[in-house]
Amino acid sequence: MGSLLGDFEEELQEVRDTFNSGKTREISWRKSQLQAILSLLKERESDIFKALNQDLGKHHVEAFRDEIGTVAKSAKYALGNLNKWTASKKVKLPLAAFPSTAKLVHEPLGVVLIISSWNFPFGLSFEPIIGAIAAGNTIILKPSELAPACSSVLVKTIHDYLDKSAIKVVEGGASVGEKLLQHNFDKIFFTGGGRVAQIVMAAAAKNLTPVTLELGGKCPAVVDFISSTWDRKIAMKRIIWGKFGACGGQACIGIDYILTQKKFAPTLVELLKKYIMKSFGDNPMESNSIAKIINNKHFLRLKGLLDEPLVKSSIVFGGSSNEEKLFIEPTILLDPPLDSAIMTEEIFGPLLPIITLENIEDSVAFIRARPKPLSVYGFTNNEKLQKRMISETSSGSITFNDAIIQYAVDTLPFGGVGGSGFGRYHGKYSFENFSHQKGVMMRGYLIDFGFRYPPWNNKKLQLLKSGLRSLQEALLHNSKYAQIFLG
Ligand SMILES: NC(=O)C1=CN([C@@H]2O[C@H](COP(=O)(O)OP(=O)(O)OC[C@H]3O[C@@H](n4cnc5c(N)ncnc54)[C@H](O)[C@@H]3O)[C@@H](O)[C@H]2O)C=CC1
Ligand SMILES: CCCCCC(=O)O
């Protein structure tokens, strides 16, 4: 069997050489690349719109909202904060280190592999690229083969606008991904599903390569009608957006299912129907406002979820589909069996199960009993319930009275926990994700403590025990030194 290492050897060597040249450590280089991303997004907007429509049927307004606009926001945020992020930071020191100074510096990790997904092909490629560039790394990007038009535009535009000696795009699917994983990277940033994440981690283990896994899961939305001091109209629009509005429900932080009080379920169904019709009209397939299913395999997978007998009978709205157009209309289900695939597997499509509970507080136990989701949502103003959801459930993030919007907040970390992944990015978290935080300590020779060295005796033990205390007293009487240690 031929060596896999022959594949991409040249590309890897070039980006490794570029990193070793030190060019990407220059702040001016990093800023130039972030500016280039902004130019790319602006000047190739129509190409991006066309590719997202071709692969996913995304309307260009949705494409701008979720991908171009969001990425531009992130690139501008990184540009605006890069000097602050990269500046070294003095740190306070314990008495035992007297006299010293110390600081924290961020250094780039080196050559980074980014493997991204198909549902937000530009957003999920450029968000980590922005972090990797901001931190001074060189990059190999492998976008998903399931969005081929987007993958092609990524190759062309990144090689046209960014420094090709430092950032390269390699197209392909599993076989290309596995060949890339044979190489030694300084960081692997993976967005995708758990099965492939295990392959990535196994490959990374061979070189002890640090990995970030951005995975998925079943994100619940607790809809509490009892405390309905919230605006029902706004809440319904946000729930519908959270389920159907981002890539047609094919979003890792999209609402997967709803938990609500049993007695309010009929009200909730009617409200959801009303606002689905307001959002997508009488014939959503013709609305040009909801993305199509990515391919026939996922279309049949979603149809399979609906075709389970007791699931089919739980459909209370929607359920129709068009295989030729890869379209499934927004569908609501009421209490499908909890052991059915639609309630045990990540749906990743426009199907919305509503699970009813006698008491909304039971939603906490329901969520806790399942794998940790990427996001939890709570449409409630019941503070006690909010506190319990925050403290008694675990998820990548938790958002009250909205959905998905947390993705656009640069000051909050984005990432999973448990089965939904580990590592976090966005904003400064992206910079830190692709940096090594190095401690730098400068010692002096003014004072040395003999009791730190052998030969050992009990006197040294006493000094170790009391010496630092007496030093502290001495220092506290001398404000110049105390200032160093006590800040
Ligand atoms: N946390 C997040 O930000 C996101 C998570 N996801 C999750 O990703 C999943 C769906 O995305 P998919 O792209 O279908 O996932 P996937 O895991 O099938 O593919 C992800 C990437 O891995 C590559 N790949 C596939 N097999 C590989 C192998 N053997 N070796 C190396 N690379 C390989 C693919 O080409 C693609 O680029 C869902 O579970 C979803 O929740 C999707 C988008 C965002
Ligand atoms: C617009 C938000 C996209 C987040 C990535 C995802 O949910 O797959």
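Residues numbered from 1 in each chain as written. Chains lettered and ligands numbered in written order. Predicted model: local features only at pLDDT ≥ 70, side-chain atom pairs only at ≥ 80, totals over all residues. Heavy atoms only, no water.

Under an unreviewed UniProt entry, the name given to the protein is Aldehyde dehydrogenase, and the organism recorded is Lactuca virosa. Comment text from UniProt for the protein, heading Catalytic activity (unreviewed entry), reads "an aldehyde + NAD(+) + H2O = a carboxylate + NADH + 2 H(+)". Among the UniProt annotations of the protein, the heading Sequence similarities (unreviewed entry) holds the following wording: "Belongs to the aldehyde dehydrogenase family." (UniProt positions renumbered as here; feature names shortened; annotations may be inferred.)

Asker: Before we go on, may I ask you to explain the pattern of salt bridges in this structure?
Answerer: Opposite charge on two side chains allows them to pair when their charged atoms are near. Here the structure, examined in full by the defined rule, presents 18 salt bridges. Measuring nitrogen to oxygen at the nearest pair gives 2.8 Å for the salt bridge that ties K58 to E67. In this structure, D410 and K73 form a salt bridge, with 3.1 Å as the shortest nitrogen-oxygen distance. Of this pair, D410 sits in the loop between strand 16 (397-400) and strand 17 (421-422) while K73 sits in helix 4 (residues 60-86), and the two are 337 residues apart along the sequence. Note on D410: relative accessible area 10%, which makes it buried. Put simply, R44, D47 and D160 are held in one network by salt bridges that share partners. (Salt bridge = Lys/Arg side-chain N within 4 Å of Asp/Glu carboxyl O. Helix = DSSP H or I, 4+ residues; strand = E, 2+ residues; numbered from the N terminus. Buried < 20%, exposed > 50% of the residue type's maximum accessible area, 1.4 Å probe, protein only.)

Asker: What is the right way to look at the site of ligand 2 in this model?
Answerer: The full set of residues close to ligand 2 is D66, N119, F120, A251, C252, I253, I404 and Y407. Within the contact set of ligand 2, an oxygen atom lies 2.9 Å away from a backbone nitrogen or oxygen of C252. Taking I253, its main chain carries an N or O atom lying 3.0 Å from an oxygen atom of ligand 2. The fraction of the free accessible surface of ligand 2 (280 Å²) that becomes covered by protein chains is 97%. Looking at the shell around ligand 2 residue by residue, the class counts come to 6 nonpolar, 1 polar and 1 charged. (Near = heavy atom within 4 Å. Polar contact = N/O pair within 3.5 Å; in protein donor to acceptor, adjacent residues only side chain to side chain. Areas by Shrake-Rupley, 256 points an atom, 1.4 Å probe, with all protein chains shown as cover. Nonpolar A, V, L, I, M, F, W, Y, C, P; charged D, E, K, R; others polar.)

Asker: Would you explain the site of ligand 1 in this entry?
Answerer: Around ligand 1 sit 29 residues in total, of which S116, E145, E178, L215 and E346 are the nearest. Between E145 and ligand 1, the recorded distance is 2.6 Å, taken from a side-chain N or O atom to an oxygen atom. In this structure, G193 approaches ligand 1 through a main-chain N or O atom, which is 2.9 Å from an oxygen atom. When ligand 1 sits alone it has 840 Å² of accessible area, and the protein chains cover 91% of it. Listed by contribution, the elements that provide at least two residues to the shell around ligand 1 are helix 7 (174-181), strand 6 (187-191) and helix 8 (194-207). Ranked by the residues each element gives to the shell around ligand 1, the list is headed by helix 7, at 4 residues. A breakdown of the residues in the shell around ligand 1 according to their chemical character gives 14 nonpolar, 10 polar and 5 charged.

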